[in-house]
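# Notes for the structure review
Each chain, letter by letter, is given below.
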Amino acid sequence: MPEGTLCNKQPIDTDEQLKALLGDKGGKVYYEEMKLLEVDQEKLQDTIRKTMKSRIKTWLKICAHCGMCADSCFLYRINDCDPKQVPAYKVQSTLGEMVRKKGRVDNAFMHMAMETAWAKCTCCNRCAMYCPHGIDMGVMVGYMRGLLYQQGFVPWEMKIGAGMHRVYRAQMDVTPEEFVDTFQWMVEEYEEEYAGLTVPVDKEGADIMYTVNAREVKHYPEDLAEAAILFTIAGEDWTIPSSGWELTSLAMFAGDWEACRMQVESVYDAMERLKPKRMIGTECGHAHRATVIEGPYWAGRPDGKPPVESIHYVEWVAEALRTGKLKIDPEKRIKKPVTLQDSCNYIRNHGLKEITREIMSYMVEPGYFFDMAPNKEHNYCCGGGGGFNGIGLYRPQRNKALITKRDQILGTGADLVIAPCHNCWDAIRDLEEEYEIGISWSFLKPLLIDMVIVPEHMKPEE
Amino acid sequence: MYAFLTGPMFYLSLAVFFIGLAVRVILYIRGLDWKLDRVAYRAHPKAGLKGALRSIGYWLVPFGTRSWRVQPFMTVIFFVFHIGAVIVPLFLLAHNMILKEKFGFSFFTLNPTLADVLTWGVLISAILLVLRRIALPEVRILTTGYDYFILAISVAPFVTGLICRYHVGDYSAWLLVHIAAGELLLILAPFTKLSHIVLYFMSRGQLGMDFGIKRGGMNGKPISW
Amino acid sequence: MFNKILFATSATEACDHAARVAFAMAEKYNAHLEIFHVLGLPTRAYSQVVIEVKTRERIEIDEGYCDWVKEEVRMYYERFLEKLGDRYAIEVAIGVTHREILRTARNTNPDLIVMGGSTHHLEDSAYRQLITGSTFQRVSGAAHCPVLVVTRPAASFWGGFSKIVVGTDFSESADAAVDYGIKLARSLDCELSLFHAVDISGLAMGQVMIQDDIEEKLRVARKKMRYRYLPKLEGFTDYSIDAWEGIPYMEIVKYTREKQADLVIMAHHARRFEEKKDARMGSNLEQVIVRAGCPVLSINRTVGRQVDAEK
């Protein structure tokens, strides 16, 4: 069974393997090797038999081929209504074929399936809302990603991402020491302006345990400072865990379920260790989905809940503004046209649609907020979800996918897009770079920092 | 022949239909796996039930969901087809006379004119469904011969029923064909896509539980389908 | 005063003037020079692509590439490096420019950071959000050491510090800037001029200011400077104290020219999270930087506190 040195069926488990894969610029060798990678048909069939239960089996069988899902898919619409982009077709021609052929598929088929799984679906689950039978094609593509990952047919960046989680329990090579050190550094940098600013590390029994996205630590540590400032202004009893601080999971995008389990267990361990009242994650959509929505199942928790109540950052912000823990200076409310990006992963897939709008009602001067159409649970994906943003191989497809969001934003006439999700934020930044429509975009934190009233005791002494 | 079709075959087809579909339901439920499906079915029965009922209910109402509203043409032909296909066989006067004779009970019966309208509705919407399959590229690419087969066996009892209704050709021969077509439909239902007669409720219910339990149902306002 | 200097550079023409000063300082004061270059902005979520700072091309990074860039930087500054012997190091990093400069400064603890002019070509892109307010603003706002900026060629033909001007608005950080100026003047044996500008820019906008009032303000300012700073200048003779009226940054530039000074020291107030009204001096500082005929050294509150602590 020929397997490449870089492209193979083995997950990445050591730093050396990671370095070797990273050293292969753009995955050139990796993708060359993939062309020769053999499909382990028996294993494929065996896995399908063991893991495909009545839900997906039924979905595949009862699909009435009615095509009502077509228009629900932004990738179908943006690609000139190419019938090959109809969600049902995308699933039937890939996963459906694998099942019908009992796993007897070849390398070329797997390449096609890989492109379908990562470049023709962002797992936004919008089609699930348009199928009369309640068939969730996003879930099926997610399932298929697992099969493809097991067979080694996975985009280079996804393999690296999953490997990072396996080696570092973070999506980037950030160690616990670096995390804590960076957080402390940021607090030092801002303690001049905000008296009493601290970052409690590994404090047991705090009200809040805060978890982040490794990218913040690596490249945008201001985000950490902003979180610390807002928690402190709100008078929260909070802490960060020195390990188990990574909320995200590229392993989920990759379909590496084992790595998903390892990743969330590190966060759950931190919860068990520190026993906080609640866990709050940063402004990230997929991370919330991975750790709070799907994670409990990977970790085998029968109640489907993390060990302690876990909420998204927007839930905390809404609560803090509602209860007056954070007070906004009415003078400083946003007075330019603003729109809001609904992240699929916690709006459609976790019901937080009203929460984010409540936040807007506090932050934006009445009359300046414009919703996209469609919105809430019917909103379109930013164009970069499910791993699409990060995969170099599918960059042209991704850039085209951004047009949907571009036109939605243009339709609102907004100057500022508030995107409380890392993936959406990245996609909107990229769409501005690609299409230059003259918008700005932001997370909630920096906007809040500019408008909240700082209590007297936190003002710098002169 | 008539005696066979209305005797043993009648009972057999009903038995296959009901037992077959019941087995389908049981297998479906037994095949649910909270860990693989990533839905904690048992842990949150209330939220699950609410989600399931909402999910099934909204979709049973014409224009009850956004999907129905944005595709009105499909919605109309879909509901005309399905309403006719469910109501006519159950509540047709002639069928209820047989029911009474065989099992000693009957349902209320349809006004004959309404029954005609509904049956023609099934026929016309079936033709439109076929045309839609041919005309729209996004449906054409999905369509297989199997889809036409399913449509054909579903519509056959209605076509033959109408032929009998208007006494076209040899009545007793067409009546036999009509009964055979109906029984074929009953027998095939559990083994084909027609199993969606029950699996629709399962699948919709499952997704409703998924959204109701895991994906936000216990978290603020429920999803608006 | 200057044992370790961090020179943050784009290794392009934009930093040539700063380079001249950085290398001359390292040579003159026997300092170790760390030449630091941020070669790419991270992009694309978790993809491995970065945007090359110089060419704006999208590239993929590996260790070989970093080594190659280091070599490029070395070649670029070859003629200066000869004079430093082994008193230098070249480092490159990937990330958001100001953040990486601050990160390395935090690790190596230099006595001074030297920076060049703006990299404005980057700011017209979608990345402007990442580097708004310019890299300088952010570095000088948060650094734990003074930051020296050289943007104009005229500011770079420089033979060491001999005449220093310190601009003050009597704020806490400005006092720290004065302290630092005094310390520097003492240790390098320079002439020191303390200067305050009374802001009359309101006049241009139709605000009425009677000349007597202005002159009264000037008198008060001079008195205040003497009261505040004379005790600190004990034993030091080569100083002058002046207050002029006008647009503050213009007056500072004019004053510096008249004094033929080779260094202006000013306080940096503005920090990102601060209210805009406090950023006035910050914008004065930026204006002086782009106009002055000599390098400009900025001192923020953190550095001010350190200077205080040393006293």
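Residues numbered from 1 in each chain as written. Chains lettered and ligands numbered in written order. Predicted model: local features only at pLDDT ≥ 70, side-chain atom pairs only at ≥ 80, totals over all residues. Heavy atoms only, no water.

What follows concerns the overall build of chain B. Broken down by element type, chain B carries twelve helices and zero strands. In chain B, the succession of helices and strands from N to C terminus is α-α-α-α-α-α-α-α-α-α-α-α. Considering only C-alpha atoms, chain B reaches an extent of 60 × 40 × 35 Å along its principal axes. Within the span of chain B, comprising 225 residues, buried residues form 47% of the whole. (Helix = DSSP H or I, 4+ residues; strand = E, 2+ residues; numbered from the N terminus. Buried < 20%, exposed > 50% of the residue type's maximum accessible area, 1.4 Å probe, protein only.)

The helix and strand inventory of chain C stands at 13 helices and twelve strands. Looking at chain C residue by residue over its 311 residues, the buried ones come to 57%. Considering only intrachain contacts with a sequence separation of at least 6, the fraction spanning at least 24 residues in chain C is 77%. Carbon together with sulfur atoms contributes 49% to the accessible area of chain C, which is approximately 13,200 Å² in total. (Contact = heavy atoms within 4.5 Å. Areas by Shrake-Rupley, 256 points an atom, 1.4 Å probe, with all protein chains shown as cover.)

It is worth spelling out the sheet that holds strand 7 (residues 440-442) of chain A at this point. Residue and element names in this part refer to chain A. With parallel pairing, the three strands of this open sheet are ordered in space as 5-6-7. At either margin of the open sheet sits one strand with a lone partner, and together these are strand 5 (338-340) and strand 7. Along the sheet, successive strands turn relative to each other by an average axial angle of 25°, direction set aside. The sheet contact formed by strand 5 and strand 6 (residues 416-418) spans three bridges and is parallel. (Pairing = 2+ DSSP bridges. Axes fitted to C-alpha atoms, helices over the stretch in contact; angles between N-to-C directions.)

Turning to its location among the elements, Leu41 of chain C is positioned in strand 2 (residues 32-42). Distance from Leu41 of chain C to Gly246 of chain C, taken between C-alpha atoms, is 41 Å for residues 205 residues apart in sequence.

A few words on helix 6 (residues 87-100) of chain A. Residues and elements named next belong to chain A. The end-to-end C-alpha separation of helix 6 is 18 Å, in line with the 20 Å expected for 14 residues at 1.5 Å each. When you tally the buried positions in helix 6, you get ten out of 14 residues, the bulk of the element. Residues of helix 6 that are buried: Pro87, Ala88, Lys90, Val91, Gln92, Ser93, Thr94, Leu95, Gly96 and Met98. If you follow the buried residues of helix 6, they end up packed against helix 3 (41-51), helix 4 (54-62), helix 5 (74-78), helix 7 (107-119) and helix 8 (137-150). Lys102 lies just past helix 6 and shows a positive phi near 50°. (Expected span 1.5 Å × (residues − 1).)

Now for the domain arrangement of chain C. Residue and element names in this part refer to chain C. Domain annotation for chain C reports domain 1 (4-153) and domain 2 (161-310). Taken together, the contact pairs 23 residues of domain 1 with 25 residues of domain 2. Of the roughly 1,700 Å² buried between domain 1 and domain 2 on both sides combined, carbon and sulfur atoms contribute 55%. The three residues of domain 1 that bury the most area against domain 2 are Gln137, Pro146 and Arg152, which together make up 26% of that side's buried surface. Linking domain 1 to domain 2 there are zero salt bridges. (Domains from an automatic or database assignment. Buried area = accessible area lost by both parts, 1.4 Å probe. Salt bridge = Lys/Arg side-chain N within 4 Å of Asp/Glu carboxyl O.)

Here we come to the environment of Gln10 of chain A. Position of Gln10 of chain A relative to the elements: it lies in the segment before helix 1 (15-23). Apart from the residues within four sequence positions on either side, Gln10 of chain A is in contact with Glu3 and Lys159 of chain A.

With that settled, consider the side chain of Arg166 of chain A. Residue and element names in this part refer to chain A. Structurally, the position occupied by Arg166 is in helix 9 (residues 156-168). The class of Arg166 is buried, set by a relative accessible area of 10%. When residues no more than four places from it in sequence are discounted, the contact partners of Arg166 are Pro11, Ile12, Asp13, Tyr149, Asp256, Glu258, Ala259 and Met262.

With 56 residues of chain A in contact, the opposing surface of chain B contributes 52 residues. Summing both sides of the interface, chain A and chain B together bury roughly 4,500 Å²; the carbon and sulfur share of this comes to 58%. Area buried by chain A at its contact with chain B is led by Arg55, His65 and Tyr297 of chain A, which between them contribute 17% of it. For the pair chain A and chain B, the number of links is six salt bridges. Close ionic contact of Lys214 of chain B with Glu294 of chain A constitutes a salt bridge, the shortest N to O distance being 2.6 Å. Here chain A and chain B share 30 residue pairs in polar contact (both at pLDDT 80 or more) between them. (Polar contact = N/O pair within 3.5 Å; in protein donor to acceptor, adjacent residues only side chain to side chain.)

Let us now look at the pattern of salt bridges. One pass over the structure, following the stated rule, counts 53 salt bridges over all chains. Arg49 of chain A is paired through a salt bridge with Asp46 of chain A; the nearest N and O atoms lie 2.9 Å apart. A residue pair is termed a helical-turn pair when its members lie 3 or 4 positions apart in one helix, as Arg49 of chain A and Asp46 of chain A do in helix 3 at three residues. The exposure class of Arg49 of chain A is exposed, given its relative accessible area of 55%. A salt bridge links Lys101 of chain A to Glu97 of chain A; the nearest nitrogen and oxygen atoms lie 3.6 Å apart. A relative accessible area of 24% places Glu97 of chain A in the partly exposed class. Ionic contacts of the salt-bridge type, sharing partners, join the residues Arg55 and Asp136 of chain A together with Asp37, Asp210 and Arg215 of chain B into one network.

Residues and elements named next belong to chain A. Along the chain, Met186 turns up in helix 10 (residues 176-190). Judged by relative accessible area, Met186 falls into the buried class, the value being 0%. The sequence separation of Met186 and Glu16 amounts to 170 residues, and the corresponding C-alpha distance is 31 Å.

Residue and element names in this part refer to chain B. For helix 10 (residues 145-165), which comprises 21 residues, the first-to-last C-alpha distance of 30 Å matches the rise-based estimate of 30 Å (1.5 Å per residue) to within 8%. The largest bend in helix 10 is about 35°, located at Val155, with the proline Pro157 one to four residues further on. Count one or two residues on from helix 10 and you reach His167, which has phi positive near 55°. (Bend = angle between axes of the 7 residues up to and from the residue.)

For the rest of this paragraph, the subject is the nonpolar core. Ranked by internal contacts, the top residues of the largest apolar core, which has 228 residues, are Leu95, Met98, Phe183, Tyr210, Trp316 and Ile359 of chain A together with Ile113 of chain C. No other element matches the nine residues that helix 8 of chain A contributes to this core. The next biggest cluster of nonpolar side chains, apart from the first, holds 67 residues, and it includes Tyr77, Leu184, Ala243 and Ile299 of chain C. (Core = buried A, V, L, I, M, F, W, Y, C linked by side-chain atoms within 4.5 Å.)

Moving on: the sheet that holds strand 3 (residues 278-281) of chain A. All names here are of chain A. Spatial ordering of the open sheet is given by 2-1-3-4, a layout of four strands whose pairing is parallel. Two strands lie at the open edges of the sheet, namely strand 2 (238-239) and strand 4 (309-311), each paired on one side alone. Judged from the three bridges that link them, strand 3 and strand 4 form a sheet pairing that is parallel. Residue Ile280 lies in a different strand from strand 4, and its bridge partner there is Ile311.

So, on to the pairing of strand 3 (residues 49-52) of chain C. Consecutive side chains of a regular strand alternate in pointing toward one face of the sheet and then the other. All names here are of chain C. Two elements, strand 2 and strand 3, share three bridges in a ladder whose sense is antiparallel. What sits directly across from Pro42, in strand 3, is Val50. Strand direction decides the pairing type here: strand 3 and strand 4 (residues 58-60), joined by three bridges, are antiparallel. Residue pairing across strands places Ile51 opposite Arg58, the latter belonging to strand 4.

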